[in-house]
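Chain residues, written in single-letter form:
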Amino acid sequence: MYSHKENNGVRCELCPHRCLVLPGKSGICRMRRNRDGMLVAEGYGIVSSIALDPIEKKPLFHFYPGSSILSLGSYGCNLRCLFCQNWQISQTQGKARPIVPKDVLNLAKTHQSDGCVGVAFTYNEPLIWYEFILETAPLLKAAGLKTVLVTNGYLSRLPWDELIQHIDALNVDVKAWDDDFYGKMCGARLGPVLDNLAAAKDKCHIELTYLVIPDHNDDDASLEGFARWVYNNLGADTPVHFSRYFPSYRLEIPATPTDVLKRARALAGKWLDFVYLGNVGL
Ligand code: SF4
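The model shown is predicted, which means the values in this text are computed figures rather than measured ones.

Asker: So what exactly am I meant to see when it comes to the packing of helix α3 (residues 130-142) against helix α4 (residues 157-164) here?
Answerer: Running from N to C, α3 and α4 point in directions that differ by 25°, and their axes come no closer than 10 Å. As far as their axial angle goes, α4 and α3 are roughly parallel. Taken as a pair, α3 and α4 cross one another with a handedness that is left-handed. Here Tyr130, Ile133 and Leu134 of α3 lie close against α4, whose contacting residues are Pro159, Glu162 and Leu163. Its residues placed into classes, the contact of α3 with α4 shows five nonpolar, no polar and one charged.

In structure tokens, the structure reads:
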């Protein structure tokens, strides 16, 4: 999913960044490197974390509730969120070990007796693990297991349409209802995320997460604008999780007050049937 450019450079087409990657360098995600004019997915099969999690932890509240799911992550991310709540694996390259798709299948199968319904690609950004997921998901499906992505949704449309056919459920992080915020705080754009969400409707189960950051993305117009868009484009029965921000990575402001989260729930509740609060004991 790349094209050749002059001086052995390559243009990666996988996500909307469309990085021009020069020889020896990697793209913004740090996962894809130009080796002698070929773009190599260096993180293919490289796992940084594996755990059997309750499915509600993804969070997915309306997809096999009460089950567990084998959760896998690699490293790297194609966004640069200043407030990343998982930066130890998304923004660094720590200890990791290799695994092949068949290992993932076998591991998921061994946990079926513990209520495991499949595999969630999560922790760091799974979309930059594109090839690995594309090879693993059909194996899972053939064995009657589910494939879940917990993702920022920032992928080019063609690869997104290809991938989504193999996905059973998504939790997509919508970072804000404001393209300026996406640009300044995440180094990305909101539009491609919304286009991909609309394209995934009716193809798989969708839940959304919105990390509420005080004085950054918590104004009434944004919160209600987001909920209205979900209502109009995905349906009133789409579960939305407003999650509490805690100081992390490069944004050091106080955690989101619970009143702000309650206000978000009330505003979104005008449009949506299922609004939940996360990271908070409410
Ligand atoms: S997947 Fe990585 S290398 Fe490719 S365009 Fe996106 S950030 Fe750049």
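Asker: In this structure, what is going on with the side chain of Ser222? I would like to understand it.
Answerer: Topologically, Ser222 is positioned in helix α7 (residues 220-233). Since its relative accessible area comes to 10%, Ser222 is described here as buried. Excluding residues within four positions of it along the chain, Ser222 makes contact with Trp177, Tyr210 and Asn217.

Asker: Hey, could you run me through a negative patch on the surface in this one?
Answerer: A grouping of Asp178, Asp179, Asp180 and Asp219 is seen on the molecular surface, where their side chains present a negatively charged patch. Structurally, the position occupied by Asp219 is in the loop between β13 (205-212) and α7.

Asker: Help me understand the domain arrangement of the chain, please; the structure alone is not making it clear to me.
Answerer: You'll often see interface size given as the accessible area lost when the parts meet. When the domains of the chain are assigned, the result is domain 1 (1-42) and domain 2 (43-278). Each of domain 1 and domain 2 has a C-alpha centre, and the two are 25 Å apart. Counting residues at the interface gives 13 residues for domain 1, matched by 26 residues for domain 2. Overall, the association of domain 1 and domain 2 removes approximately 1500 Å² of surface from exposure, summing both partners, and the carbon and sulfur fraction of that is 53%. Three residues, Pro16, Arg30 and Met31, lead the burial of domain 1 against domain 2; their summed loss comes to 39% of the area buried on that side. One can count one salt bridge joining domain 1 with domain 2. Looking at the side of domain 1 that touches domain 2 residue by residue, the class counts come to eight nonpolar, one polar and four charged.

Asker: Mind showing me how you'd approach the sheet that holds strand β3 (residues 20-21) here?
Answerer: Two orientations exist for strands paired in a sheet by backbone hydrogen bonds: parallel and antiparallel. Taken together, the three strands give an open sheet; going across it, the order is β1-β2-β3, and neighbouring strands pair in antiparallel fashion. Each edge of the open sheet carries a strand with a single partner, namely β1 (2-4) and β3.

Asker: Please explain the packing of aromatic side chains as it appears in this structure.
Answerer: The geometry of two aromatic rings is summed up by the distance between their centres and the angle between their planes. As enumerated under the stated definition, the model contains 12 aromatic pairs in all. Here the aromatic rings of Phe83 and Phe181 are separated by 5.7 Å at their centres, their planes lie at 45°, and the arrangement is tilted. Residue Phe83 is found in the loop between β8 (68-73) and α1 (87-90), and its partner Phe181 is found in helix α5 (residues 179-186); the two are separated by 98 residues along the sequence. Look at Phe181 and you get buried, because its relative accessible area is 5%. Both rings, one in Phe226 and one in Phe242, keep their centres 6.2 Å apart while their planes meet at 75°; by these two values the pair is edge-to-face. With a gap of 16 residues between them, Phe226 in helix α7 and Phe242 in strand β14 (residues 240-244) connect regions that are remote in the sequence. On the accessibility criterion, Phe226 (1% relative accessible area) is buried. Taking the relative accessible area as the measure of exposure, Phe242 reaches 0% and is therefore buried. Following the ring pairs from residue to residue traces out a cluster consisting of Trp177, Tyr210, Phe226, Trp229 and Phe242.

Asker: For this particular structure, what's the right way to read the packing of α7 against helix α8 (residues 258-269)?
Answerer: When two helices pack together, their arrangement is given by the angle between the helix axes and by the axis-to-axis distance. Interhelical geometry of α7 versus α8 gives an angle of 45° and a closest axis separation of 8 Å. In terms of orientation, α7 lies oblique with respect to α8. α8 is crossed by α7, and the crossing has right-handed handedness. Residues Asp220, Leu223, Glu224 and Ala227 of α7 form the contact with α8, whose participating residues are Arg263, Ala264, Leu267 and Ala268. Classifying every residue of the contact of α7 with α8 by side-chain character gives five nonpolar, no polar and three charged.

What counts, and at which threshold
Residues numbered from 1 in each chain as written. Predicted model: local features only at pLDDT ≥ 70, side-chain atom pairs only at ≥ 80, totals over all residues. Heavy atoms only, no water. Axes fitted to C-alpha atoms, helices over the stretch in contact; angles between N-to-C directions. Helix = DSSP H or I, 4+ residues; strand = E, 2+ residues; numbered from the N terminus. Parallel < 35°, antiparallel > 145°, perpendicular 65-115°, else oblique. Left-handed = near helix turned anticlockwise from the far one by under 90°. Contact = heavy atoms within 4.5 Å. Nonpolar A, V, L, I, M, F, W, Y, C, P; charged D, E, K, R; others polar. Buried < 20%, exposed > 50% of the residue type's maximum accessible area, 1.4 Å probe, protein only. Patch = residues over 30% accessible without salt bridge, like charges linked within 9 Å, V, L, I, M, F, W, Y side chains within 5 Å. Areas by Shrake-Rupley, 256 points an atom, 1.4 Å probe, with all protein chains shown as cover. Salt bridge = Lys/Arg side-chain N within 4 Å of Asp/Glu carboxyl O. Lys, Arg positive; Asp, Glu negative; His and termini not counted. Charge placed at Lys NZ, Arg CZ, Asp CG, Glu CD. Domains from an automatic or database assignment. Buried area = accessible area lost by both parts, 1.4 Å probe. Pairing = 2+ DSSP bridges. Phe/Tyr/Trp six-rings, centres within 6.5 Å; stacked < 30°, edge-to-face > 60°.

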